[in-house]
Amino acid sequence: MSSPSSSAQPELPSGISRCCLTGFRWSGTPTGTALPAGSIPGTTNAVYKTGTNPRVAILIIHDIFGWTFPNVRLLADHYAAEANATVFVPDFFGGFVCPPELVLEERWAEIDIARFMKENAREVREPEIFAFAKALKSAEGGGFEKVGAVGYCYGGWAIFRLAAAEHEEGSGDSEGNGKKLVDAVTTGHPTLVTKEDIDRVSKNVPVQVLAPEFDRRYTEELKTHTFVTLQKLGVPFEYSHFSGVHHGCFIRGDERKEGEREAMVRGKNAAVAWMKQWLHGN
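Thresholds applied
- Residues numbered from 1 in each chain as written.
- Predicted model: local features only at pLDDT ≥ 70, side-chain atom pairs only at ≥ 80, totals over all residues.
- Heavy atoms only, no water.
- Salt bridge = Lys/Arg side-chain N within 4 Å of Asp/Glu carboxyl O.
- Helix = DSSP H or I, 4+ residues; strand = E, 2+ residues; numbered from the N terminus.
- Buried < 20%, exposed > 50% of the residue type's maximum accessible area, 1.4 Å probe, protein only.
- Phe/Tyr/Trp six-rings, centres within 6.5 Å; stacked < 30°, edge-to-face > 60°.
- Lys NZ or Arg CZ within 6 Å of the ring centre and 35° of its normal.
- Axes fitted to C-alpha atoms, helices over the stretch in contact; angles between N-to-C directions.
- Parallel < 35°, antiparallel > 145°, perpendicular 65-115°, else oblique.
- Left-handed = near helix turned anticlockwise from the far one by under 90°.
- Contact = heavy atoms within 4.5 Å.
- Nonpolar A, V, L, I, M, F, W, Y, C, P; charged D, E, K, R; others polar.
- Pairing = 2+ DSSP bridges.

Just checking my understanding: could you explain the pattern of salt bridges for this structure?
Pairing between side chains of opposite charge can happen when their charged atoms approach one another. Applying the stated criterion across every chain, the model contains 16 salt bridges. Among the salt bridges present, the one from glutamate 119 reaches arginine 115, with a minimum N-O distance of 2.8 Å. In this pair, glutamate 119 and arginine 115 are both assigned in helix α3 (residues 113–119), four residues apart and thus about one turn of the helix distant. Classification of glutamate 119 by relative accessible area gives partly exposed; the value is 35%. Because the salt bridges share partners, they merge into one network encompassing Glu126, Arg161, Glu166, Glu196 and Arg200.

Explain the packing of aromatic side chains to me, please; I cannot follow it from the model alone.
In this description, an aromatic ring pair is defined by two values, namely the gap between the centres and the angle between the planes. Scanning the model with the defined rule gives 14 aromatic pairs in all. A centroid spacing of 4.1 Å and a plane angle of 10° characterise the contact between phenylalanine 65 and phenylalanine 69, whose relative ring orientation is stacked. Using a relative accessible area of 3% as the deciding quantity, one classes phenylalanine 65 as buried. Ring geometry for phenylalanine 242 versus phenylalanine 250: centroids 4.7 Å apart, planes at 75°, classification edge-to-face. For the cation-ring pair, arginine 73 lies above tryptophan 67, with the distance from its terminal atom to the ring centre recorded as 4.6 Å.

Just checking my understanding: could you explain the packing of helix α1 (residues 70–82) against helix α9 (residues 260–279) for this structure?
Helices that pack against each other are described as a pair by the angle of their axes relative to one another and the distance between those axes. Here α1 crosses α9 at 40°, and the two axes come no closer than 10 Å. As summarised for this structure, α1 and α9 are arranged oblique, according to the angle between their axes. Relative to α9, α1 is oriented so that their crossing is right-handed. Across the interface between the two elements, Asn71, Leu75, His78, Tyr79 and Glu82 of α1 pack against Met264, Lys268, Asn269, Ala271, Val272 and Lys276 of α9. For the contact of α1 with α9, the per-class residue count stands at five nonpolar, three polar and three charged.

Help me understand the sheet that holds strand β1 (residues 33–35) in this model?
The pairing of strands in a sheet comes from backbone hydrogen bonds and takes either a parallel or an antiparallel form. Judged by pairing direction, the sheet is mixed, and its eight strands sit side by side in the order β1-β2-β4-β3-β5-β6-β7-β8 without closing on themselves. Edge positions in the open sheet fall to β1 and β8 (237–246), since each of these has one partner strand only. Between one strand and the next, the sheet's axes are offset by a mean angle of 20°, whatever the strand orientation. Of the pairings in the sheet, the one linking strand β6 (residues 184–188) to strand β7 (residues 207–214) comprises four bridges and is parallel in character. Within β7, the position partnered with threonine 186 by the bridge is glutamine 208. Along the sheet, helix α4 (residues 122–137) contacts β2 (47–50), β3 (56–61), β4 (86–90) and β5 (146–152); its crossing angle with β3, the most-contacted strand, is approximately 170°. The sheet strands contacting α9 are β3, β5, β6, β7 and β8, and the helix crosses β6 at an angle near 170°.

Written as structure tokens, this is what we have:
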């Protein structure tokens, strides 16, 4: 992680505005590669891949910024290096990329949110998210022994669904049914998550939650339900409260917002430690 005084900024993927990185400055450029659609057998998603561990993988489910957003790719690089994993950031929005400046500047009237939510509704994207997680453990997709998943904002509901006990029902078969899809999960400021999602989590999938103090989407009611329910279910669980920061802090890291860049760094460090604990046992 670069120091707060570093002025180096990465080269940006095509179509991404420099304003994305006004708050979150890293040294260097993303080191992974963007692969074509269908490059991971059993999937149809374009994907950013970084890291070389043949045994451990981490799947990142992005937020509204999408899979090309520089910060999510740089976070993936840090997870790969610091948690010793091969990290995948698939495109789960079917090629749609929201202009990041519209989100960063909260120009919501210029984003067709209704269309976005229709095209990326949970029932639309859940099957391909499940398929990608299954593919990582298949021999053709890499045969990873351990797979973790990290989801920010939009990706938060998917993290709970990946950790659901329903995936462990039955004895399992050649399609991966009846087996855990993932071995540990982390979510930061989740959106679209329901109480039912939380209720259905498997006691065999450790869950980490990174929760900003101010969050209209991950409400106080949902925070309390998460805290109480996961303990009741016996799920290995870590809940980290980040005082003074708002929804979106773990992906934006905007140094113009008090405490946000520090929260992003702390959140990244916490997630790395969680994944190392449960994917490597250290």
